[in-house]
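Remarks on the overall topology
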Amino acid sequence: RRQRQMCIRDSMHIWSIEFTSKDKTQYPEVTLEGGITWGADEEAIKSAYGEPSASERNDDEKYTNLTYTDNAGKTIYLNIYDDGGLGKITMDSYG
């Protein structure tokens, strides 16, 4: 039984992770490649990562979502809010 539990634990794969905070003054400590962190604006993100695979504007909630996808099926979604810059990071790995 113990051996089986180890096997299950060893095969664990994280498919998706999201970082955000409802309190816009206390975000978890996260720094992405290129030095991108909370509050980064669209220009800084595009400077670090280039043009996104997709970009979508949400006028109701006042943010722009930039999506970057690589050839291995890994995707990062970055929500950039009008009133505070980068405020939500979601990473998916389904490749």
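For the structure, check the block above.
Residues numbered from 1 in each chain as written. Predicted model: local features only at pLDDT ≥ 70, side-chain atom pairs only at ≥ 80, totals over all residues. Heavy atoms only, no water.

Some details on the packing of aromatic side chains
Put simply, the rule is: Between 30 and 60 degrees the pair is tilted, below 30 it is stacked and above 60 it is edge-to-face, where a pair is any two Phe, Tyr or Trp rings, Trp via its six-membered ring, whose centres lie within 6.5 Å. We count a stretch as a helix when DSSP gives it H or I for four or more residues in a row; a strand needs E for two or more, and each element gets its number in order from the N terminus. The rule is simple: take the accessible area with a 1.4 Å probe, protein chains only, and divide by the maximum for that residue type; under 20% is buried, over 50% is exposed, in between is partly exposed.
According to the stated counting rule, one finds two aromatic pairs in the structure shown. A ring pair is formed by Tyr49 and Tyr68, whose centres lie 5.6 Å apart and whose planes are at 65°; its orientation type is edge-to-face. Residue Tyr49 is found in helix H2 (residues 42–49), and its partner Tyr68 is found in strand S3 (residues 63–69); the two are separated by 19 residues along the sequence. On the basis of relative accessibility, which here comes to 27%, the residue Tyr49 falls in the partly exposed class. Both rings, one in Tyr63 and one in Tyr81, keep their centres 5.1 Å apart while their planes meet at 50°; by these two values the pair is tilted. Within this pair, whereas Tyr63 is found in strand S3, its partner Tyr81 is found in strand S4 (residues 74–81), the two being separated by 18 residues in sequence. Tyr81 shares its class with Tyr63; the two are buried.

A short note on the pattern of salt bridges
As a reminder, the rule being used: Within this document, salt bridges are pairs made up of a side-chain nitrogen of Lys or Arg and a carboxyl oxygen of Asp or Glu, the two lying within 4 Å of each other.
Counting across every chain of the model gives five salt bridges. Here Glu18 ties to Lys88 by a salt bridge, and the two come within 3.7 Å at their closest N and O atoms. Taken as a pair, Glu18 in strand S1 (residues 16–20) and Lys88 in strand S5 (residues 85–93) lie far apart in primary sequence, 70 residues in all. Residues Glu42 and Lys46 are paired through a salt bridge, measuring 3.0 Å at the closest nitrogen-oxygen approach. A residue pair is termed a helical-turn pair when its members lie 3 or 4 positions apart in one helix, as Glu42 and Lys46 do in helix H2 at four residues.

Some points on the nonpolar core
Here is the rule we go by: To form a nonpolar core, buried Ala, Val, Leu, Ile, Met, Phe, Trp, Tyr and Cys residues must be joined to one another through side-chain atoms within 4.5 Å. When checking whether two residues touch, look at their non-hydrogen atoms; a contact exists if any pair is within 4.5 Å.
Counting 13 residues, the largest nonpolar core has Leu32, Ile45, Leu78, Leu86 and Ile89 as the members making the most contacts within it. Secondary-structure elements contributing two or more residues to this core are S3, S4 and S5. Looking at this core element by element, the count peaks at three residues for S4. With sequence-adjacent residues up to four places away left out, Ile45 is seen in contact with Ile36, Ala40, Gly50, Leu66, Tyr68, Leu78, Ile80 and Leu86.

Structural notes on the layout of surface pockets
Rules: In this analysis, the protein atoms alone were mapped onto a 1 Å grid. Cavities are point sets where a 1.4 Å probe fits without being able to get out; pockets are open sets with protein on both sides within 12 Å along at least five of seven lines; lining residues have an atom within 4 Å of a point. Grid points are joined across faces, edges and corners, and a volume is the space filled by probe spheres set on the points. The classification used treats Ala, Val, Leu, Ile, Met, Phe, Trp, Tyr, Cys and Pro as nonpolar, Asp, Glu, Lys and Arg as charged, and all other residues, Gly among them, as polar.
Empty space within the largest pocket amounts to approximately 280 Å³. Leu32, Glu33, Tyr49, Tyr68, Thr69, Asp70, Lys74, Thr75, Ile76 and Met91 are the residues that line the largest pocket. Mapped onto the lining of the largest pocket, the elements with two or more residues apiece are S3 and S4. Considering each element in turn, the lining of the largest pocket owes the most residues, three residues, to S4. Each residue belonging to the lining of the largest pocket can be placed in one class, and the counts come to five nonpolar, two polar and three charged.

Thoughts on the pairing of S3
For clarity, the threshold we go by: One requirement defines pairing of two strands: DSSP has to find at least two bridges between them.
Taken across its seven residues, S3 has six buried, putting it largely inside the fold. Strand direction decides the pairing type here: strand S2 (residues 54–58) and S3, joined by five bridges, are antiparallel. Within the sheet, the bridge partner assigned to Ser55 lies in S3 and is Leu66. Linking S2 to S3, which pair antiparallel, is a turn of four residues; within it Lys62 sits at a positive phi near 60°. Looking at chain direction, S3 and S4 are connected through seven bridges and run antiparallel. Residue pairing across strands places Thr67 opposite Tyr77, the latter belonging to S4.

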